[in-house]
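Next come the chains, spelled out residue by residue.
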Amino acid sequence: MAKTPRKTSTTDLQKSLAKMDQQILELLAKRVDACQKLVQAEPGKTIEQQLSSEETELQKLLKSNKTSLTSEAVSPVLQEVLSLCRSASRRLRIAYLGPQYSYSHQAAVEKFGANADYCPVATIATVFEEILRNQADFGLVPVENSNDGRVTDTLDMFARHPAKICGEVKLHIHHQLLAKCNREEIKEVFSKPQALSQCRNWLAKHLPAARPIEMTSTAAAAQLAAQKEGAAAIASRAAGINYNLETIASNIEDNPNNITRFAVISHEMGPKTGNDKTALLFQTEHKPGALADAMNIFKKNRLNLTWIESFPVANSPQEYLFFVEMEGHCSELKIRRTISSLEKKALRLELLGSYQKTEPVS
């Protein structure tokens, strides 16, 4: 008579899990050690090159993933593994537009992981200054939002300072309505102007009597909602957790594809990966056809522009700077040729950086 297979007991499963956890821990230690040796073997490699290489290898790993785990689920875990290994050789200092638990903070952690030192600052200008004074290895600043367009303060700083773009983060912005009271008790809704604007229709439909009040940041709004009776905040889930607020309603943004793009800045641009973008700033003469002549250079070199913005020149309201972004790396021949041709026509031309393209993260 055939024996009935013995059913695995809870104790056996717990022992098996404990053994796997120990193996994971030992593998992590081995990976940290191997990464340290790799850094020592490549003394001339910049941190920008290291980050780009890690990003490329991570994308390759996720694309070849054939496990039962989704790439979306394991990506944050793998990002933290990379952050841990990186910090064993050098712990990075990251400046970002604060305060903590803002969307800029969330984007910074998405890029650099938990094993970095984060420095929240009050303004976008200060992020640039932290880089220029060598007080931070990298800075992270918002560039554009799919709803509200360009971030003027960031473009202004690129026009004034020589920091380079070496990376980008595209973050899906999901707004939560947070409070300590019930929805029917909410009399005021606090948040930064952009967040209130991005949830305008939802608020009009679900909280028509509540007064929207602007704050300097979503995190500051969450802090106030935790202290004031009848107040709610529009902020991130992380801010709600930190200030012990209840999530009254989730994902209340009017546009479900609400994405903010952040630029990662440092002293060096990113290395070529084969999946890159390049950003330029230029100014043409203030005469008919000057801009058309400049744009024709991109067409002649068959470059695909992914972004273009005009920005008034300081103290010259009739003249404009143009920010353009194109596919490709500045080391490629067609982009070098484009820059050379533009130099002959532009009053001002600056290479803002080349960096690896990324996909939006939730």
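Just so we're clear, the structure is a prediction, and the values are computed from it rather than from any experiment.

Engineer: Teacher, can you tell me more about the overall build of the protein chain here?
Structural biologist: A count of helices and strands for the protein chain gives twelve helices and 15 strands. Counting only C-alpha atoms and orienting by the principal axes, one finds that the protein chain spans roughly 95 × 60 × 45 Å. Taken across its 362 residues, the protein chain has 43% of its residues classed as buried. When the accessible surface of the protein chain is split by element, carbon and sulfur atoms take 51% of a total near 19600 Å². The distance from the centre of the 45 positive side-chain charges to the centre of the 41 negative ones in the protein chain is 5 Å.

Engineer: Could you clarify how one ought to interpret the side chain of Arg-261 in this entry?
Structural biologist: Looking at the element boundaries, Arg-261 is found in strand E11 (residues 259–266). In this structure the side chain of Arg-261 is engaged in a polar contact, spanning 3.3 Å, whose partner is the side chain of Glu-168. Those residues in contact with Arg-261, other than ones at most four positions away along the chain, are Val-141, Pro-142, Val-143, Glu-144, Glu-168, Val-169, Lys-170, Lys-277, Trp-307, Glu-325 and Tyr-355.

Engineer: Sorry, what's going on with the state of the cysteines here?
Structural biologist: Between two cysteines, a covalent bond joining their sulfur atoms is known as a disulfide. Enumeration according to the criterion identifies zero disulfides in this entry. Residue Cys-119 stays outside any disulfide, its sulfur separated by 17 Å from that of Cys-166, the closest cysteine.

Engineer: What's the story with the pattern of salt bridges in this structure? I'm lost.
Structural biologist: Under the criterion given, the structure shown has 19 salt bridges. Salt-bridge contacts for Asp-137 lead to Arg-90; the nearest nitrogen and oxygen are separated by 2.2 Å. Placement of Asp-137 in the loop between helix H5 (124–132) and strand E3 (138–145) and of Arg-90 in the loop between helix H3 (71–89) and strand E1 (93–97) is noted, with a sequence separation of 47 residues between them. For Arg-90, a relative accessible area of 42% corresponds to the partly exposed category. Of the charged contacts, one joins Glu-168 and Arg-261 as a salt bridge, the two residues approaching to 3.3 Å between their closest N and O atoms. Residue Glu-168 is found in strand E5 (residues 164–172), and its partner Arg-261 is found in strand E11; the two are separated by 93 residues along the sequence. For the pair formed by Glu-168 and Arg-261, the shared burial category is buried.

Engineer: Can you walk me through the nonpolar core in this structure?
Structural biologist: Side chains of nonpolar character tend, in soluble globular proteins, to be buried together. The biggest cluster of nonpolar side chains holds 28 residues, and the ones touching the most others in it are Phe-128, Phe-158, Ile-265 and Phe-323. The contact partners of Phe-323, leaving out residues within four places of it in the chain, are Leu-155, Phe-158, Leu-280, Leu-281, Trp-307, Ile-308, Glu-309, Phe-311 and Leu-352. Counting residues in each nonpolar core, the second largest holds 18 residues, with Ile-47, Ile-94, Phe-112 and Ile-173 among its members.

Engineer: How do you make sense of unusual backbone geometry when you look at a structure like this?
Structural biologist: For residues besides glycine, phi is generally negative; the peptide bonds are generally trans as well. Between Gly-98 and the following residue, Pro-99, the backbone shows a cis peptide bond with an omega angle of 5°. With respect to the helices, strands and loops of the structure, Pro-99 is situated in the loop between E1 and helix H4 (103–112). In this model, Asn-244 sits at a positive phi of 55°, which is unusual for a non-glycine residue. Mapped onto the fold, Asn-244 is located in the loop between helix H10 (237–242) and strand E10 (246–249).

Engineer: Can you walk me through the environment of Leu-97 in this structure?
Structural biologist: Residue position: Leu-97 is located in strand E1. On the basis of relative accessible area, Leu-97 is assigned to the buried category, the value being 16%. With 239 residues separating them along the chain, Leu-97 and Arg-336 place their C-alpha atoms 33 Å apart. Residues contacting Leu-97, with those up to four places away along its chain left out, are Ser-102, Ser-104, Val-121, Ala-122, Thr-123, Ile-124, Val-127 and Leu-140.

Engineer: So what exactly am I meant to see when it comes to the environment of Glu-327 here?
Structural biologist: For Glu-327, the location among the structural elements is in strand E14 (residues 316–327). When the C-alpha atoms of Glu-327 and Asn-304 are compared, they prove to be 5.7 Å apart, with 23 residues separating the residues in sequence. Non-local contacts of Glu-327, meaning those with residues more than four positions away in its chain, are made with Asp-276, Lys-277, Leu-303, Asn-304, Thr-306, Ile-335 and Lys-357.

Engineer: Honestly, helix H12 (residues 333–345) in this entry has me stumped. Any pointers?
Structural biologist: Each α-helix turn comprises 3.6 residues. Residues three or four places apart therefore point the same way. Counted at 1.5 Å a residue, the expected span for H12 with its 13 residues is 18 Å, and the 19 Å between its end C-alpha atoms agrees. Among all positions of H12, only Ile-335, Thr-338, Ile-339 and Leu-342 are buried. For H12, the angular spread of buried residues about the axis comes to 100°, placing them on one side. Across from the buried face of H12, at angles greater than 90 degrees, the exposed residues are Glu-343 and Lys-344.

Engineer: How should I be thinking about the confidence of the model for the protein chain in this particular structure?
Structural biologist: Predicted coordinates in regions of low pLDDT should not be interpreted in detail. On average, residues of the protein chain score 92 in pLDDT, and 98% of them reach the 70 mark or higher. Here helix H2 (residues 47–63) is the element of the protein chain with the lowest mean pLDDT, 86, and strand E7 (residues 188–191) is the one with the highest, 97.

What counts and what doesn't
- Residues numbered from 1 in each chain as written.
- Predicted model: local features only at pLDDT ≥ 70, side-chain atom pairs only at ≥ 80, totals over all residues.
- Heavy atoms only, no water.
- Helix = DSSP H or I, 4+ residues; strand = E, 2+ residues; numbered from the N terminus.
- Buried < 20%, exposed > 50% of the residue type's maximum accessible area, 1.4 Å probe, protein only.
- Areas by Shrake-Rupley, 256 points an atom, 1.4 Å probe, with all protein chains shown as cover.
- Lys, Arg positive; Asp, Glu negative; His and termini not counted.
- Charge placed at Lys NZ, Arg CZ, Asp CG, Glu CD.
- Polar contact = N/O pair within 3.5 Å; in protein donor to acceptor, adjacent residues only side chain to side chain.
- Contact = heavy atoms within 4.5 Å.
- Disulfide = S-S within 2.5 Å.
- Salt bridge = Lys/Arg side-chain N within 4 Å of Asp/Glu carboxyl O.
- Core = buried A, V, L, I, M, F, W, Y, C linked by side-chain atoms within 4.5 Å.
- Expected span 1.5 Å × (residues − 1).
- Arc of directions from axis to C-beta.
- pLDDT = per-residue confidence, 0-100.

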